[in-house]
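# Fold and contact review
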Amino acid sequence: MELKLQDLIRTVVRSVGLGIVSLGIAGMIDHATAESPGRTITVATWGGPYQHSQEKAYFEPFTQETGIHVKTDLYGGGIAELRKHMAGRAPTWDLVDMTMADNRAACKLGLLERIDHAILLPAPDGTPADQDFVDGALTECAVSPIIFAMVTAYNRDAFPGNRPTQIGDIFDLRQFPGKRALQRLPEANLEWALRSYGVPREDVYQLLSTERGLRLAFERLDAIRDHVHWWTSVDEPLELLTSGEVVMASLYNGRAFDAAVIHGHPVEIIWDAQIYELGAWGIPKGTPNLDEVLGFIRFATGTHPLADQAKYIPYGPARRSSMKLVSTHAQTGVDMRPHLPTSPANFETAIPKDTEWYASLYDRIKARFDSWLAPP
């Protein structure tokens, strides 16, 4: 990655400080992992090509080094699923791969352990971890491995002539008729609705904090609601898009890459107004395998594992030392750098997801969205 881009990320991504409560020191973690052969930790994650990238970059190498096995369970995102999992019993998930917005909200609710970032490995040149991770990657209850994006994409076969190029096109049924697939959550939909009016990126969340902003966003969504398939599983939008059931969809950029570049589907990303965010490792409160989980986080967020993940899926590593090592796809040899959300060409109109806004207002905004979505 270019130094200029790193500076841009430092400026754009909001710094949210470091965790303050210690859960152990690096030496204790190393000892715990070395002395725990045959142990298993359960990681709740997203499945699909993203989970495959984790298996190759983190899970398999961690097991080889420590003897600790990594079992996975499917997690679809959101606070509700984590709450349901933890209700009235000890968690069986030891670690959850979350969005940073969900992690911060869960942390405020007391659902997650706090993490002492002193356990993290320095960069190969000795740079301390808290200086090597991009701003906002280390929070009270999280360590971020990646920068990913929610994007819109379209099926090229649906538009042989004029093709969509900007976020406003998803609301333009006259030029681009057909069904859309959008996530059944307020995230991205509200931001894109305001951007389609021409609201500047830096003003989106301020306007969404007002009744006028929410009204404008829902009025824009009203115009297409009869043409929307609301998805809840991360596998759905691609299945709908590649089958031709919808012509446009919101989805994570890594899955769109996998469909287009690896599997040859006619899927094209619209990078305009991508909503980029940091991923977040979160530890459910009360896990009995805390030492092993901290050992895994220490291992998996090292410089080389984070760079290795980008060999399988185009998510930007959250460490600056890892960004420099991103090269080509492990199987196809495709240069991964132009496909990252943080690539300069893709980053020009990017919107940084305001995770503090969502963490503070999530329940109210979600209730408003669900109320709007409910049939009259």
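Note: the structure precedes this text.
Since the structure is predicted, the reported quantities are computational estimates derived from the model, not experimental observations. (Residues numbered from 1 in each chain as written. Predicted model: local features only at pLDDT ≥ 70, side-chain atom pairs only at ≥ 80, totals over all residues. Heavy atoms only, no water.)

## A few points about empty space enclosed by the protein
The final tally for this structure, using the stated rule, is two cavities of 30 Å³ or more. Roughly 170 Å³ of volume is contained in the largest cavity. Together, 16 residues line the largest cavity, and Thr99, Gln183, Glu187, Tyr252 and Lys353 are the ones closest to its centre. Among the elements of the structure, β6 (146–155) and β10 (267–282) are those that each provide at least two residues to the lining of the largest cavity. Among the residues making up the lining of the largest cavity, the classes are represented as seven nonpolar, five polar and four charged. Looking at which domains feed residues into the lining of the largest cavity, each of domain 1 (2–147 + 279–323) and domain 2 (148–276 + 340–373) supplies at least three. (1 Å grid on protein atoms, 1.4 Å probe; cavity = no way out; pocket = protein on both sides within 12 Å on 5 of 7 lines; lining within 4 Å. Points joined across faces, edges and corners; volume = space filled by probe spheres on them. Helix = DSSP H or I, 4+ residues; strand = E, 2+ residues; numbered from the N terminus. Nonpolar A, V, L, I, M, F, W, Y, C, P; charged D, E, K, R; others polar. Domains from an automatic or database assignment.)

## Notes on the packing of helix α9 (residues 211–222) against helix α16 (residues 355–373)
For the pair α9 and α16, the least separation of the axes is 12 Å and the interaxial angle reads 35°. α16 is crossed by α9, and the crossing has right-handed handedness. From α9, Glu211, Leu214, Phe218, Leu221 and Asp222 reach across to α16, where they touch Arg364, Ile365, Arg368, Phe369 and Trp372. Of the residues assigned to the contact of α9 with α16, the class counts are six nonpolar, no polar and four charged. (Axes fitted to C-alpha atoms, helices over the stretch in contact; angles between N-to-C directions. Left-handed = near helix turned anticlockwise from the far one by under 90°. Contact = heavy atoms within 4.5 Å.)

## Topic: the pattern of salt bridges
Following the criterion strictly, the structure yields 18 salt bridges and no others. When the shortest N-O distance is used, the salt bridge between aspartate 308 and lysine 311 registers 3.3 Å. Owing to a relative accessible area of 27%, aspartate 308 belongs among the partly exposed residues under this scheme. Arginine 337 is paired through a salt bridge with aspartate 335; the nearest N and O atoms lie 3.0 Å apart. In this structure, a network of salt bridges that share partners links the residues Arg104, Lys108 and Glu356. (Salt bridge = Lys/Arg side-chain N within 4 Å of Asp/Glu carboxyl O. Buried < 20%, exposed > 50% of the residue type's maximum accessible area, 1.4 Å probe, protein only.)

## Focus on the side chain of glutamate 187
Mapped onto the elements, glutamate 187 comes out in the loop between β7 (180–183) and α7 (189–195). A relative accessible area of 8% means that glutamate 187 is categorised as buried. In contact with glutamate 187, not counting residues within four places along its chain, are Asp102, Lys353, Tyr358 and Tyr362.

## Some points on the layout of surface pockets
Of the volumes computed, that of the second largest pocket is approximately 290 Å³. Residue lining of the second largest pocket: 15 residues in total, with Gly77, Gly78, Leu185, Tyr362 and Lys366 positioned closest to the centre. Elements that contribute at least two residues to the lining of the second largest pocket include exactly α4 (79–86) and α16. Considering every element that reaches the lining of the second largest pocket, the biggest residue donor is α4, with four residues. Mapping the lining of the second largest pocket onto the domain boundaries places at least three of its residues in each of domain 1 (2–147 + 279–323) and domain 2 (148–276 + 340–373).

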